[in-house]
Amino acid sequence: MEHKSMVALRGMNTGLFGQQVPRIGSMLYSEWNFIRGSRHFLSPKIATFVPHRKGRGVYASWFVSSQIARSVFTLGTVAVLPFYTLMVLAPKAKLTKRSIESTVPYVILGLLYAYLLYLSWTPDTIRLMFANKYWLPELSSIAKMFTSEMTLASAWIHLLAVDLFAARQVYLDGLDNEIETRHSVSLCLLFCPIGIVTHVITKILAKGAQNTQKTT
């Protein structure tokens, strides 16, 4: 008469960046026979599986996207600073006038924005932008969009381009009307609407002062 039994000894599995490491374990076999008595032997067992490459691919994709977003964010910020510096420190210099009249910075910022927009675009982008039943944006949906670093970076490039263009208009208007614009241009860098309002107020005050001088 013979009797066999089997006991599984569990191993341990781990994960690294979303990819599992094989589970290693063993099987303990017991065999009893009336004539030969009992015998025990251990059989190693290595679990087989298909590597989970998707998790690693998603992690690598996220890492690359994050690096691109941060690099373009820094590049765009550094690119506009020389123009603001010229308008504030040397507003009447020929170099400043030639630089501000150029369209090169807007082309560069436009290309950077288009590149980030392409990378951040998903099938849900339009749905999040026009989530309202009247096809109007909703704050909660826009907030979901900006959870992505790529989307945030594209929005920042968008702001840099618009703010620089507004600062350019303020600067050129100041040259045409001989009005001080350095304070307004400085505000346009980070607080563009306030910079525009400041320029309007400065222009009104300057014209009022000129009219007063004429009458006296």
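Presented here is an overview of the structure given in this document.

Procedures and definitions
Residues numbered from 1 in each chain as written. Predicted model: local features only at pLDDT ≥ 70, side-chain atom pairs only at ≥ 80, totals over all residues. Heavy atoms only, no water. Patch = residues over 30% accessible without salt bridge, like charges linked within 9 Å, V, L, I, M, F, W, Y side chains within 5 Å. Areas by Shrake-Rupley, 256 points an atom, 1.4 Å probe, with all protein chains shown as cover. Salt bridge = Lys/Arg side-chain N within 4 Å of Asp/Glu carboxyl O. Lys, Arg positive; Asp, Glu negative; His and termini not counted. Charge placed at Lys NZ, Arg CZ, Asp CG, Glu CD. Helix = DSSP H or I, 4+ residues; strand = E, 2+ residues; numbered from the N terminus. Buried < 20%, exposed > 50% of the residue type's maximum accessible area, 1.4 Å probe, protein only. 1 Å grid on protein atoms, 1.4 Å probe; cavity = no way out; pocket = protein on both sides within 12 Å on 5 of 7 lines; lining within 4 Å. Points joined across faces, edges and corners; volume = space filled by probe spheres on them. Nonpolar A, V, L, I, M, F, W, Y, C, P; charged D, E, K, R; others polar. Disulfide = S-S within 2.5 Å.

Moving on, we come to a positive patch on the surface. A surface patch of like charges, here positive, comprises Lys92, Lys94, Lys97 and Arg98. With respect to the helices, strands and loops of the structure, lysine 92 is situated in the loop between α1 (53-89) and α2 (94-101). Look at lysine 92 and you get exposed, because its relative accessible area is 70%.

This brings us to the layout of surface pockets. Taken as a whole, the largest pocket encloses approximately 410 Å³ of empty space. Lining the largest pocket are 19 residues, and of these Leu117, Ser120, Met145, Thr151 and Ser154 lie nearest its centre. Broken down by secondary-structure element, the contributors of at least two residues to the lining of the largest pocket are α3 (104-120), α4 (125-129), α5 (139-145) and α6 (149-177). With five residues, the single largest contributor to the lining of the largest pocket is α6. In terms of residue class, the lining of the largest pocket is built from eleven nonpolar, seven polar and one charged.

A surface patch of nonpolar side chains, amounting to about 500 Å² of accessible area, comprises Leu117, Trp121, Ile126, Phe130 and Trp135. Along the chain, the position of tryptophan 121 falls in the loop between α3 and α4.

Glancing now at the state of the cysteines. Applying the stated rule across the entire model yields zero disulfides. Cysteine cysteine 188 remains unbridged, with the sulfur of cysteine 192 as its closest cysteine sulfur at 4.5 Å.

Even without being a glycine, glutamate 178 presents a positive backbone phi close to 55°. Turning to its location among the elements, glutamate 178 is positioned in the loop between α6 and α7 (182-190). Residue glutamate 178 is classed as exposed on the basis of its relative accessible area of 71%.

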